Amino acid sequence: MNVSMWITRDVLTVVPETPAAEAAKLMAQNHVRRLMVVEKWADGPHLLGIISAKDVIHAFPPHVNPFAIEGPDARLTPTTVSQIMTANPRTTTPDSPIEEAAALMCAHKIGALPVLRGKILAGIITESDVFRAFVSLLGSDEKGARITFDTTKGEDVFELVGKLAKRKRIRIISLIWTEQDQQPVCVVRIAGEGVDDVLDDLWSSGHIVINVIRFPFVPEQKV
């Protein structure tokens, strides 16, 4: 999956001269936490920076609420967006893999990445968008299970699971190979009635089943 499948394209923007109080009002009215700071060119908006709600709050005196509906007294804070924005922020592109964008956000502890097509702002992808993307990979309303089992390095897990699926007449919804504590593991979502048979075959083949979650999932009731 690419970033372009999950971005928000209708992005709210401001120009560098926008007062910080006006930026706060725009965020509050539209229930967003970030605004893109752009310079408007004939070919489209060119990204200059990004401003967050946290940036705005830090720019105001402690007794002033920059997100108040009426807005603070402009005389208390003459700050413009250009003075408090993060200039030249880290970005991604529409064609970048979603996992690459997720890794970048995780590594630098940031909650969003502007998406650029060349020099033009194409949208924004946030941590919430990444969560939705990964939920779509593992989620399904069909009856079945998500099974996590250990594998060996270099093992063709797709061939293994494919043979099981064909033999037990189940369908593979998703399959991911990853590592847990340096141990290769496979996380496979299957649908159908033969879940228990698949589990038996996995154990018989020498694989250790680490976790099984059956769907539809019913959470435990707290007493």
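Here's a quick rundown of the structure. Think of each chain on its own: its residues are numbered from 1, step by step along the sequence as written. At least 70 in pLDDT is required for a residue's local features to be given in this predicted model, at least 80 for side-chain atom pairs to be given and counted, and no such filter applies to totals for whole chains, interfaces and linings, which use all residues. Side-chain metrics in this entry use all non-hydrogen atoms of the structure; hydrogen atoms and water are not considered.

### Considerations on the overall build of the protein
Here a helix means four or more residues in a row that DSSP labels H or I, a strand means two or more in a row labelled E, and each is numbered from the N terminus. A tally of regular secondary structure across the protein gives 7 helices and 10 strands. A simple rule labels every residue: compare its accessible area, found with a 1.4 Å probe on the protein chains alone, to the largest value its type can have, and call it buried under 20%, exposed over 50%, or partly exposed in between. For the protein, buried positions account for 40% of its 223 residues. Counting contacts in the protein only where the partners sit at least 6 residues apart, residues at least 24 apart contribute 63% of the total. Using a 1.4 Å probe, the Shrake-Rupley method yields the accessible areas, and only the shown protein chains count as cover for residues. Carbon and sulfur atoms form 54% of the exposed surface of the protein, whose accessible area is close to 13,600 Å². Contacts are assigned to residue pairs with any non-hydrogen atoms lying within 4.5 Å of each other.

### Details of the sheet that holds strand β8 (residues 171-180)
The pairing of strands in a sheet comes from backbone hydrogen bonds and takes either a parallel or an antiparallel form. Strand order in this open sheet of 4 strands is β8-β9-β7-β10, and the pairing throughout is antiparallel. Since the sheet does not close on itself, it has two edges, and those belong to β8 and β10 (209-215), each with one partner. For this sheet, the mean angle separating the axes of adjacent strands, direction not counted, is 15 degrees. As defined by bridge partners, strand β7 (residues 144-150) adjoins strand β9 (residues 183-191) across 7 bridges and the pair is classed as antiparallel. Paired with R146 across the strands is R189, a residue of β9. By the convention used here, strands pair only if DSSP detects at least 2 bridges between them. Lines fitted to C-alpha atoms define the axes here, with helix axes fitted over just the stretch in contact, and angles between the N-to-C directions of these axes take values from 0 to 180 degrees.

### Some thoughts on the layout of surface pockets
Both site types are read off a 1 Å grid over the protein atoms alone. A 1.4 Å probe that fits but cannot get out defines a cavity, while an open set with protein on both sides within 12 Å along at least five of seven lines defines a pocket; lining residues have an atom within 4 Å of a point. Grid points are joined across faces, edges and corners, and a volume is the space filled by probe spheres set on the points. Here the largest pocket is characterised by a volume of approximately 380 Å³. When residues of the lining of the largest pocket are traced back to their parent elements, those giving at least two are β3 (44-52), α2 (53-59) and β5 (112-117). Grouping the constituent residues of the lining of the largest pocket by class yields 8 nonpolar, 4 polar and 6 charged. Considering only enclosed or pocket space, the second largest pocket measures out at about 230 Å³ in volume. Forming the boundary of the second largest pocket are 13 residues, of which T8, V32, R34, I124 and T126 lie nearest the centre. Of all the secondary structure elements, the ones that give two or more residues to the lining of the second largest pocket are β2 (34-41) and β6 (120-126). Ranked by residues supplied to the lining of the second largest pocket, first place goes to β2 with 3 residues. Of the residues assigned to the lining of the second largest pocket, the class counts are 6 nonpolar, 3 polar and 4 charged. Any residue that is not Ala, Val, Leu, Ile, Met, Phe, Trp, Tyr, Cys, Pro, Asp, Glu, Lys or Arg is counted as polar, Gly included; the first ten are nonpolar and the last four charged.

### Considerations on unusual backbone geometry
With a phi close to 45 degrees, N88 is a non-glycine residue in the positive phi region. Look at N88 and you get exposed, because its relative accessible area is 69%. Here Q182, not a glycine, exhibits a phi torsion of approximately 65 degrees, which is positive. Taking the relative accessible area as the measure of exposure, Q182 reaches 69% and is therefore exposed.

### As for the side chain of T126
Within the secondary structure, T126 is located in strand β6. The contact partners of T126, leaving out residues within four places of it in the chain, are R34, M105, G111 and A112.

### Regarding helix α1 (residues 20-30)
Buried within α1 are the following residues: A20, A21, A23, A24 and M27. Each buried residue of α1 sits inside an arc of 160 degrees when the element is viewed along its axis, so together they form one side. On the buried face of α1, the contacting elements are β2, β3, α2 and α3 (81-84). Of the residues one or two after α1, H31 is the one with positive phi, at around 55 degrees. The directions considered for the arc are those from the helix axis to the C-beta atoms.

### Here's the deal with helix α7 (residues 195-204)
Every buried residue of α7 is accounted for by V195, V198, L199, D201 and L202. Looking straight down α7, one finds its buried side chains confined to an arc of 165 degrees; they lie on one side. The secondary structure elements touched by the buried residues of α7 are β7, α6 (157-168), β9 and β10. Looking one or two places after α7, you find G206, whose phi comes out positive at around 95 degrees.

### Details of a nonpolar patch on the surface
Patches draw on residues past 30% relative accessible area with no salt bridge. Two like charges within 9 Å are joined, as are two nonpolar side chains (Val, Leu, Ile, Met, Phe, Trp, Tyr) within 5 Å. Salt bridge, as used here: a side-chain nitrogen of Lys or Arg that lies within 4 Å of a carboxyl oxygen of Asp or Glu. Together, W203, I208 and I210 make up an exposed nonpolar region whose accessible area comes to about 300 Å². Counting through the fold element by element, I208 comes out in the loop between α7 and β10. Judged by relative accessible area, which is 46%, I208 ranks as partly exposed.

### Concerning empty space enclosed by the protein
Space left empty within the atom packing is revealed by a probe, the size of a water molecule, rolled over the atoms. Taken as a whole and judged by the stated rule, the model has 1 cavity of 30 Å³ or more. Empty space within the largest cavity amounts to approximately 50 Å³. The wall of the largest cavity is formed by F149, V161, L164, A165, I170, V188, I190, V198 and L202. Listed by contribution, the elements that provide at least two residues to the lining of the largest cavity are α6, β9 and α7. With 3 residues, α6 is the largest single contributor of residues to the lining of the largest cavity. Tallied by class, the residues present in the lining of the largest cavity amount to 9 nonpolar, no polar and no charged.

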